[in-house]
Every structure is written in C-alpha cells, then in structure tokens.
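# Geometric and topological summary
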Amino acid sequence: GESVGLHLPTLSVQEGDNSIINCAYSNSASDYFIWYKQESGKGPQFIIDIRSNMDKRQGQRVTVLLNKTVKHLSLQIAATQPGDSAVYFCAENLGTGGSYIPTFGRGTSLIVHP
Amino acid sequence: DAGVTQSPTHLIKTRGQQVTLRCSPKSGHDTVSWYQQALGQGPQFIFQYYEEEERQRGNFPDRFSGHQFPNYSSELNVNALLLGDSALYLCASSPMVAGGQETQYFGPGTRLLVL
C-alpha cells in the first residue's frame, strides 16, 4: 500500500545550525500535508502545513517545501535551538468523506547539541 | 482556552481486561479522532467521531469501539486487551468544516500498559 516515510530516523545538529528533515510520500492523491513535533511524553504538536497547490510555505523559523514531482516534503528549521529537540512527523492527508485523516510516517528524531 | 485533554494519563491493565479512555476536545471543536502510537512509531488512525457517530475507521478490530457525547467529548473502549495493545493513545480534535481541511490538535495521550 501507499505510505509516508522519512529518509533519516535520527538527525544530530549543533545549536545555531539549520536543520532539514525530509519525508517521502507515495500517494499522489494526497493534497494536504502537515509537519508535527512530538516531545517526549507529549502528543504531536502542529508546526506548519502546506496544501498541494503550493510548493513553499514559511512560518516562524520553519519552512516547508513540497515537491510534487518527486513526492517529497521537507521541513527546514533555521537557527536550531535545544528546545527543537524532538521527533518530527510528516503526515499526508487524504480527504475522505469530507474529513481529512492524517497518515503519519515513522518520524525523525532531531537532537540539538548545545 | 484549554486544549485537548485526556484521562487518565497512565493506565496499567492485564490481558483480557477492558479499558475506557476519555477525551475532551478543544473548545469550538466538534470532531474527535483517536490514534494508537506504538513506541518508536507514528500515530495510527483508529476512528473518528462527529455528531455522536463514527464517521471513519482505520484498520483496527472490533475490540476497539468508541462513543461521542452531546458535549463533543469522547471515549475509546478496548475489550479483551492484548499485550500488543500497549501504546500511547492519542485523541485529536478539529472543527468539521466544508472541505474537511482543518488541522487536528492532539492531546497529551494516555499511556496504556498491558501486562
């Protein structure tokens, strides 16, 4: 079946560096994508989303890029801070019956070294 | 404004028992979804409730059932617990609007351990 996956399970960076977390999706019908951050002992927290009619969207210190041609999604975090250490999930959304149900990949663990 | 709340935070059960988990959605949200997150994995969709009815369901057995109340809060019930049911159970809420493209907001989860 089609699924969402991440290229790197663990990413280690130094504080202040920029981080890039990648995600591949395979369902061409997906038209809405979300990045979530999950800290230890907490539920996933919405970071940023992007719809398929866009290829880039910027938030505060974060940018999401969408390449529909190769079905690739990335999350860029500028000036990474220790508080950014968490597991990051991309989720593709399939509109079914008028409601979007996100399908999550395994996640990438981001470790920020001070 | 309180976000999504879940209770209890932790729970220990034995095989064969039944468990009920509870969720209160974010204010203004009328749709509740439940997810199971095994250790080291992403959340897996169990089902979604809207207007007190199950609208969509993921690939989970009938041992997993739910309910939504008129105040939009929800319960997840799991019967005949198996060791493999040990996981973090997440509740997410969202408003039901035309097009359905509304972000879900997650609660902190209930950690269930089945012995």
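These figures come from a predicted structure and were not determined experimentally.

## Some points on the nonpolar core
- If you look at the biggest cluster of nonpolar residues, it comprises 20 residues, and the most contacted ones within it are Trp35(A), Leu73(A), Leu75(A), Tyr88(A) and Leu110(A).
- Sequence-distant contacts of Leu110(A), that is, excluding residues within four places in its chain, are made with Leu11(A), Val13(A), Ser19(A), Ile77(A), Thr80(A), Asp84(A), Ser85(A), Ala86(A) and Tyr88(A).

## Side note on the packing of aromatic side chains
- Scanning the model with the defined rule gives 11 aromatic pairs over all chains in all.
- Between Phe104(A) and Tyr35(B), the ring centres sit 6.0 Å apart and the planes meet at 85°, which makes this aromatic pair edge-to-face. Placement of Phe104(A) in strand 10 (residues 99-104) and of Tyr35(B) in strand 4 (residues 31-37) is noted, with the two residues assigned to different chains.
- Residue Tyr35(B) is classed as buried on the basis of its relative accessible area, which comes to 0%.
- Aromatic pair Phe60(B) and Phe64(B): ring centres 5.1 Å apart, planes at 65°, arrangement edge-to-face.
- Every member of this aromatic cluster is reached through a ring pair, and the members are Tyr36(A), Phe89(A), Phe104(A), Tyr35(B), Phe45(B) and Phe106(B).
- The ring of Tyr32(A) has Arg51(A) sitting right over it, with the charged end atom 4.2 Å from the ring centre.
- The ring of Tyr105(B) has Lys26(B) lying over it, and the distance from NZ or CZ to the ring centre is 5.8 Å.

## Section: the pairing of strand 8 (residues 74-78) of chain B
All names here are of chain B.
- Counted residue by residue, strand 8 has 5 buried out of 5 residues, so it is predominantly covered.
- Neither face of strand 8 is exposed, since Ser-74, Leu-76 and Val-78 on one face and Glu-75 and Asn-77 on the opposite face are all buried.
- Two elements, strand 3 (residues 19-24) and strand 8, share 5 bridges in a ladder whose sense is antiparallel. If you follow Val-19 over to strand 8, its bridge partner there is Val-78.
- Here strand 7 (residues 64-68) folds back onto strand 8, and the loop between the two strands holds 5 residues, one of which, Tyr-72, carries a positive phi near 80°.

## Looking at the interface of chain B and chain A
- In this complex, chain B contributes 24 residues to the contact, which on the side of chain A involves 23 residues.
- Summed over both sides, the interface between chain B and chain A buries roughly 1,700 Å², with carbon and sulfur atoms accounting for 50% of that surface.
- The tally of links from chain B across to chain A stands at 0 salt bridges.
- Joining chain B to chain A, the criterion identifies 2 residue pairs in polar contact (both at pLDDT 80 or more).

What counts as what
- Residues numbered from 1 in each chain as written.
- Chains lettered and ligands numbered in written order.
- Predicted model: local features only at pLDDT ≥ 70, side-chain atom pairs only at ≥ 80, totals over all residues.
- Heavy atoms only, no water.
- Core = buried A, V, L, I, M, F, W, Y, C linked by side-chain atoms within 4.5 Å.
- Buried < 20%, exposed > 50% of the residue type's maximum accessible area, 1.4 Å probe, protein only.
- Contact = heavy atoms within 4.5 Å.
- Phe/Tyr/Trp six-rings, centres within 6.5 Å; stacked < 30°, edge-to-face > 60°.
- Helix = DSSP H or I, 4+ residues; strand = E, 2+ residues; numbered from the N terminus.
- Lys NZ or Arg CZ within 6 Å of the ring centre and 35° of its normal.
- Pairing = 2+ DSSP bridges.
- Buried area = accessible area lost by both parts, 1.4 Å probe.
- Salt bridge = Lys/Arg side-chain N within 4 Å of Asp/Glu carboxyl O.
- Polar contact = N/O pair within 3.5 Å; in protein donor to acceptor, adjacent residues only side chain to side chain.

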